[in-house]
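Observations on chain architecture
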Amino acid sequence: MTDAWEAAMEAQIRGAVQRGEFDDLPGMGKPIPGRGAPYDESWWIKSFLEREALPSDLLLPTPLQLRRRVEQVPDEVRDLPTEQSVRDFVAQLNAQIVAWLRNPEGPRVAVRPVNADEVVRQWRAGRARREVRMPATEPKTGAAPALRPRRGWWLRWRRRG
């Protein structure tokens, strides 16, 4: 029974090759990725993260993710528009930290809630530095800049001919 099954499959493959169904397949003539490399048990996780363009931080345990987020707070709040949005961001992060502290899982890593007042102070200082650095070369007037009138596509097309 198995021989008959294999013979039928081989006949279908041969027929497909003769009809040219395997010609011009994507990846034809390219080396197989990872061939010749040592075996890695987590190859599928790495390929998934690479294919989906996900950060590798997702593989970290919760306390390490939280600690990394605490370190990145100044960069993440830098472009927030208002002080209240900065405080909301810090409050959300602190809620996640407190939830982990109540029910810790994973490695024991020291993670403390973020001081919202300190983050707001740094945010204000950063905004003040950016406002000083902005060039004041253009005079601020109430009038809108003059726009050049747009020509219709038919005029450009007519001119070519």
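This structure is a prediction, so every number in the text was calculated from the model and none was measured. (Residues numbered from 1 in each chain as written. Predicted model: local features only at pLDDT ≥ 70, side-chain atom pairs only at ≥ 80, totals over all residues. Heavy atoms only, no water.)

Notes on a nonpolar patch on the surface
Rules: Each patch is built from salt-bridge-free residues with over 30% relative accessible area, joining like charges within 9 Å and nonpolar side chains (Val, Leu, Ile, Met, Phe, Trp, Tyr) within 5 Å. For accessible areas, the Shrake-Rupley method is used with a probe of radius 1.4 Å. Any residue's cover is judged against the shown protein chains and nothing else. One speaks of a salt bridge when a side-chain nitrogen belonging to Lys or Arg is within 4 Å of a carboxyl oxygen belonging to Asp or Glu. Helix and strand labels come from DSSP, where a helix needs a run of H or I of at least four residues and a strand needs a run of E of at least two; each type is numbered from the N terminus. Whether a residue is buried, partly exposed or exposed follows from its accessible area with a 1.4 Å probe, protein chains only, as a fraction of its type maximum: under 20%, in between, or over 50%, in that order.
A grouping of Ile-13, Val-17, Phe-22, Leu-25 and Met-28 is seen on the molecular surface, where their side chains present a nonpolar patch of about 480 Å² in accessible area. As for its position among the elements, Phe-22 is in the loop between helix 1 (2-19) and helix 2 (43-52). Taking relative accessible area as the criterion, Phe-22 reaches 40% and is therefore assigned partly exposed.

As for the layout of surface pockets
Applicable threshold: Each cavity reported here is a set of points on a 1 Å grid over the protein atoms alone in which a 1.4 Å probe fits but cannot get out, each pocket an open set with protein on both sides within 12 Å along at least five of seven lines, and each lining residue one with an atom within 4 Å of a point. Grid points are joined across faces, edges and corners, and a volume is the space filled by probe spheres set on the points. Three residue categories are used. Nonpolar comprises Ala, Val, Leu, Ile, Met, Phe, Trp, Tyr, Cys and Pro, charged comprises Asp, Glu, Lys and Arg, and polar comprises the others, including Gly.
Volume-wise, the largest pocket comes out at about 200 Å³. Lining the largest pocket are Pro-74, Val-77, Arg-78, Val-119, Gln-122, Trp-123, Gly-126, Arg-127, Arg-129, Arg-130 and Arg-133. Counting residues per element, the ones that place at least two in the lining of the largest pocket are helix 4 (73-77) and helix 6 (116-133). Here the residues of the lining of the largest pocket are counted per class, giving four nonpolar, two polar and five charged.

Some thoughts on the environment of Leu-101
As a reminder, the rule being used: Should any heavy atoms of two residues lie within 4.5 Å, those residues are counted as being in contact.
Looking at the element boundaries, Leu-101 is found in helix 5 (residues 83-102). Considered as a pair, Leu-101 and Arg-112 are 11 residues apart in the sequence and their alpha carbons are 8.7 Å apart. Non-local contacts of Leu-101, meaning those with residues more than four positions away in its chain, are made with Val-111 and Pro-113.

Some words on the pattern of salt bridges
Note on pairing: side chains with opposite charge can pair once their charged atoms come close. The tally for this structure, following the rule as stated, stands at 10 salt bridges. Note that Asp-75 is salt-bridged to Arg-78, the shortest N-O span being 2.5 Å. Taking relative accessible area as the criterion, Asp-75 reaches 46% and is therefore assigned partly exposed. Under the relative-accessibility criterion, Arg-78 is labelled partly exposed at 40%. Asp-117 serves as the salt-bridge partner of Arg-87, at 3.0 Å between the closest nitrogen and oxygen.

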